Amino acid sequence: MKLMGKLCLTAVLTLGLFHPGGSAEAAGTNFSSKCTKYGVLKPNVNPSFQHMNCLLTNAALAADIPPEVVKAVATQENGKWQQFGIKPVDSGIGLMQVTNYPGYSKEKLKNNVIYNIDAGVSILSKKYDSNVPKIKGAGRSIIENWYFPVMAYNGIKPVNSPLIKATGKKNTRAYQEEVFTKIVKDSLMGSANLGQFPFNTADFEYDPTSNKNIVFRKMEYSIKNLHPTVYQFKAGNRVMVTVNSVNVRVHPDTTKSAKNVGKNTVLLVRGDFVYSKSSANQFVWYPVRTADQKIKGYISSAYIKKL
């Protein structure tokens, strides 16, 4: 997992956050069965963007992680979502730039994209269960509650401190800050701002000239304006439009428009989400209709929230 002035993940092992003996094989890779419509994976060939989107989404859901978070981590590690033909960075392997943790096969991490995704997602899930700060009253479905697990995925080191110790300003170059910026850009399409932590420099004890782990002095935060993952809507759920104007599309893509709907319009979800047919969008599309059924089609998950 790479970061600005990257730390090798073998150093992260000293955090005591990894559970020895864990393995991608033990976690299971059944999530890939939901993506068979995109074809058979071929050796040393990168899956299509849509196929990779499906794999990352379902791996996240199987691990009870918001797909928005997993996709942003994958983008931070590997902007083009590629498993093969990429230059390794500090021993990072494949799409999720996994370092060879005990219990994982280096060859499989390198040659098997399903194994690599499952390993990365499993490691991220363990970071959530580790001793990192959380948001009061929030669970695994809340995007903001993954701020510190994402940080731990890369390393709880001074370089990733949420605040710059000398100035108290936000450390925008921290790994988790860059990941969360990608969530807003790619999954929310800039339609909303995530809830902000009320950080204070006293929350983090560390020597900025050292590579020793940060000590957290505050383990729970209260935050408003939290965002649950939008990947849990089911047929019959009522959702509301969150932006001033958005198109309900004829097809799950941006090629043809149906009708425009405004902010606070209530829509009824008609079925499970689907992926863009051709474009490289990280969000998904939900089939929806208005109560009077005058408008029916697909809407981007970036512009709706559950009522």
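Use the structure listed above.
These lines cover the structure that appears in this document, whether it is placed above or below. (Residues numbered from 1 in each chain as written. Predicted model: local features only at pLDDT ≥ 70, side-chain atom pairs only at ≥ 80, totals over all residues. Heavy atoms only, no water.)

**Points about the packing of helix α3 (residues 49–62) against helix α6 (residues 113–128)**
Here α3 crosses α6 at 40°, and the two axes come no closer than 10 Å. Relative to α6, α3 is oriented oblique. Crossing angle aside, the handedness with which α3 passes α6 is right-handed. Residue-level contacts link Met52, Leu55, Leu56, Ala59 and Ala60 of α3 to Val113, Ile114, Ile117 and Val121 of α6. A class-by-class count of the residues in the contact of α3 with α6 yields nine nonpolar, no polar and no charged. (Axes fitted to C-alpha atoms, helices over the stretch in contact; angles between N-to-C directions. Helix = DSSP H or I, 4+ residues; strand = E, 2+ residues; numbered from the N terminus. Parallel < 35°, antiparallel > 145°, perpendicular 65-115°, else oblique. Left-handed = near helix turned anticlockwise from the far one by under 90°. Contact = heavy atoms within 4.5 Å. Nonpolar A, V, L, I, M, F, W, Y, C, P; charged D, E, K, R; others polar.)

**A word on the nonpolar core**
Ile117 and Phe148 are the most contacted members of the largest nonpolar core, which totals 82 residues. It is α6 that provides the largest number of residues to this core, a total of nine residues. In contact with isoleucine 117, other than residues within four places in its own chain, are Phe31, Met52, Leu55, Leu56, Ala59, Leu95 and Met96. (Core = buried A, V, L, I, M, F, W, Y, C linked by side-chain atoms within 4.5 Å. Buried < 20%, exposed > 50% of the residue type's maximum accessible area, 1.4 Å probe, protein only.)

**Regarding the packing of α6 against helix α7 (residues 147–154)**
One can describe the packing of α6 onto α7 by two numbers: an axis separation of 8 Å at closest approach and a directional angle of 125°. Our classification of the angle between α6 and α7 gives oblique. Between α6 and α7 the crossing geometry is right-handed. Contact residues: α6 offers Gly120, Ile123, Leu124, Lys127 and Tyr128, while α7 offers Pro149, Val150, Ala152 and Tyr153. For the contact of α6 with α7, the residue count by class is seven nonpolar, one polar and one charged.

**Regarding the packing of aromatic side chains**
Remark: the centre distance and the inter-plane angle together describe each pair of aromatic rings, the angle taken between the planes. Within this structure, the stated rule accounts for 23 aromatic pairs. Look at phenylalanine 148 and phenylalanine 199: their rings are 5.9 Å apart centre to centre, the planes differ by 80°, and that puts the pair in the edge-to-face class. Of the two residues, phenylalanine 148 is situated in helix α7 and phenylalanine 199 in the loop between α8 (175–187) and β2 (204–205); the sequence distance between them amounts to 51 residues. For the residue pair phenylalanine 148 and phenylalanine 199, the accessibility class agrees, reading buried in each case. Ring centres 5.4 Å apart and planes at 65° place the aromatic pair phenylalanine 199 and phenylalanine 204 in the edge-to-face group. The residues phenylalanine 199 and phenylalanine 204 share a single accessibility class, namely buried. The rings of Tyr147, Phe148, Phe180, Phe197, Phe199, Phe204, Phe216 and Tyr221 are connected pair by pair, giving a single aromatic cluster. Over the aromatic face of tyrosine 128 sits the side chain of lysine 134, whose NZ or CZ is 4.8 Å from the ring centroid. (Phe/Tyr/Trp six-rings, centres within 6.5 Å; stacked < 30°, edge-to-face > 60°. Lys NZ or Arg CZ within 6 Å of the ring centre and 35° of its normal.)

**Regarding the state of the cysteines**
Per the counting criterion, the structure on display carries one disulfide. Put simply, cysteine 35 and cysteine 54 are joined by a disulfide, and their sulfur atoms are 2.2 Å apart. Taking the sign of the torsion about the S-S bond as the criterion, the disulfide between cysteine 35 and cysteine 54, at about -90°, is left-handed. Of the two residues, cysteine 35 sits in the loop between α2 (24–27) and α3 while cysteine 54 sits in helix α3, which places them 19 residues apart along the sequence. (Disulfide = S-S within 2.5 Å.)

Note that every value here comes from positions in space, so none of it alone points to a role or purpose.
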